[in-house]
Amino acid sequence: MRLTVLTLFPDLIEQVINESITGRARAAGLFSLKTIQIRDFAVNRYGKVDDACYGGGTGMLMMAEPVYQAWLAARAETPDLPVRTIHLSPRGKLFSQDMARELAASERPLVLLCGHYEGIDQRVLDEIVDDELSIGDYVLTGGELAACVVIDALLRLVPGVLPAEEAYTRESHMDGLLEYPQYTRPAVWHDRKVPDVLMSGHQAKIERWQSSQAALETLRRRPDLARKRPLDEAEWADMLARRREEVTGQR
Ligand SMILES: C[S@@+](CC[C@H](N)C(=O)[O-])C[C@H]1O[C@@H](n2cnc3c(N)ncnc32)[C@H](O)[C@@H]1O
């Protein structure tokens, strides 16, 4: 996977991605990440990259030309492969696990464009952007944190980044459901006991418990998701049995 981020704050990206799992994966060469400083393509020697908006308003807007030149530099990195350019924007499509999966499988090098201030001149967006992604219905000061969210979510899906495929295939949102509750040592903490089934050593029973808990948690916490991923008959039966046990205090 090849990623390039166009930004006015490359250190923000570098610091986040160089930590922990993504940092180790980068050192191991499992993906390549390049940050391009848009200010290097400023329109004057004072580093000017923004200007007031036509039509008024208080903030400054990033100018088309520095963004375009930074994008040309990103494109020149892979002259034989067309890039896929993603603009992080609160007006974009809401980012999801399905999109992370689709982007992680993309053959094209990804270029992530981060806005700042009031955003970016529409004309350059119209010229270079393939997709616009939002990480939520709120406004950040810049696209860098959003880019890190997107990069982190898709790098976890790159083979080798996590120790085992199971580490991400059995997580929330991977099959449309939220994850079941998980526990680690000690077996009793503050009088709260780990469910007996998890210590039974009976793998088939453990897996049934986990999938019925996943269904139950999804219905409870995110009925909107539960509607999108209807349970089959066996899943309903398991989930109702689990719920009955909860109500009667058995495990
Ligand atoms: C202050 S915002 C600009 C907001 C813009 N004036 C608007 O009202 O839509 C500055 C930059 O932060 C990034 N940004 C802000 N909120 C975001 C979100 N929810 N998802 C992705 N990027 C976001 C975008 O790159 C944007 O250009």
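In the block above lies the structure referred to throughout.
Here's what I pulled together on the structure shown here. Because the structure is predicted, anything quoted here is derived from the model rather than measured.

Within the protein chain one finds ten helices and nine strands. Compactness check: the protein chain gives a C-alpha radius of gyration of 23 Å against a globular reference of 18 Å for 251 residues, more than 25% above the reference. Taking the principal axes of its C-alpha atoms as reference, the protein chain extends roughly 70 × 45 × 35 Å. The 251 residues of the protein chain split such that 39% are buried. Summarising the internal contacts of the protein chain: among those between residues at least 6 apart in sequence, 72% fall at separations of at least 24. Of the roughly 14,800 Å² of accessible surface on the protein chain, a fraction of 51% belongs to carbon and sulfur atoms. Between the mean site of the 31 positive side-chain charges and the mean site of the 38 negative ones, the protein chain shows a separation of 5 Å.

Here helix α2 (residues 20–27) has its buried residues at Thr-22, Gly-23 and Ala-25. The arc enclosing the buried residues of α2, seen along the axis, measures out at 165°, which places them on a common side. Residues Arg-24 and Ala-27 are exposed on α2 and point more than 90 degrees away from its buried face. A positive backbone phi angle near 75° is found at Gly-29, which sits one or two residues after α2.

Moving on, we come to the sheet that holds strand β2 (residues 32–37). Strands sit in the order β2-β1-β6-β5-β7 across an open sheet of five strands; the sheet is parallel. At either end of the open sheet lies a strand with only one pairing partner, and these are β2 and β7 (131–134). Averaged over all neighbouring strand pairs, the angle between strand axes comes to 30°, with direction disregarded. Note that strand β5 (residues 84–94) and β7 share five bridges and pair parallel. Directly across from Leu-94, in β7, lies its bridge partner Ser-134. Packing of helix α4 (residues 97–104) onto the sheet brings it into contact with β5, β6 (110–114) and β7, and relative to β5 it is tilted by some 175°.

Running from N to C, α4 and helix α6 (residues 144–155) point in directions that differ by 70°, and their axes come no closer than 8 Å. Compared by their axis directions, α4 and α6 come out roughly perpendicular. In contact with Ala-100, Leu-103 and Ala-104 of α4, α6 contributes Val-150, Ala-153 and Leu-154. Tallied by class, residues from the contact of α4 with α6 come to six nonpolar, no polar and no charged.

All right, on to the site of the ligand then. Near the ligand lie 18 residues; those nearest to it are Leu-88, Gly-115, Glu-118, Tyr-138 and Leu-140. Backbone polar atom of Ser-89 to a nitrogen atom of the ligand: 3.3 Å apart, as the coordinates give it. The greatest single-element share of the shell around the ligand, amounting to three residues, is contributed by β5. A breakdown of the residues in the shell around the ligand according to their chemical character gives nine nonpolar, eight polar and one charged.

Contact geometry of helix α8 (residues 203–221) with helix α10 (residues 233–248) gives a least axis separation of 8 Å together with a crossing angle of 80°. As far as their axial angle goes, α10 and α8 are roughly perpendicular. Contacts between α8 and α10 involve Arg-208, Trp-209, Ser-212, Gln-213, Ala-215, Leu-216, Leu-219 and Arg-220 from the first element and Trp-236, Asp-238, Met-239, Arg-242, Arg-243 and Glu-246 from the second. Taken together, the residues that form the contact of α8 with α10 break down as six nonpolar, two polar and six charged.

This part takes up helix α1 (residues 10–17). Every buried residue belonging to α1 is among Pro-10, Ile-13 and Ile-17, and all of these are buried. Projected onto a plane normal to the axis of α1, the buried residues spread over an arc of 65° and lie on a single side. Within α1, the exposed residues directed more than 90 degrees away from the buried face are Asp-11 and Gln-15. Residues of α1 that are buried make contact with β1 (2–7), α2, β2 and α6.

Rules used throughout
Residues numbered from 1 in each chain as written. Predicted model: local features only at pLDDT ≥ 70, side-chain atom pairs only at ≥ 80, totals over all residues. Heavy atoms only, no water. Helix = DSSP H or I, 4+ residues; strand = E, 2+ residues; numbered from the N terminus. Rg over C-alpha atoms; globule rule 2.2 N^0.38 Å. Buried < 20%, exposed > 50% of the residue type's maximum accessible area, 1.4 Å probe, protein only. Contact = heavy atoms within 4.5 Å. Areas by Shrake-Rupley, 256 points an atom, 1.4 Å probe, with all protein chains shown as cover. Lys, Arg positive; Asp, Glu negative; His and termini not counted. Charge placed at Lys NZ, Arg CZ, Asp CG, Glu CD. Arc of directions from axis to C-beta. Pairing = 2+ DSSP bridges. Axes fitted to C-alpha atoms, helices over the stretch in contact; angles between N-to-C directions. Parallel < 35°, antiparallel > 145°, perpendicular 65-115°, else oblique. Nonpolar A, V, L, I, M, F, W, Y, C, P; charged D, E, K, R; others polar. Near = heavy atom within 4 Å. Polar contact = N/O pair within 3.5 Å; in protein donor to acceptor, adjacent residues only side chain to side chain.

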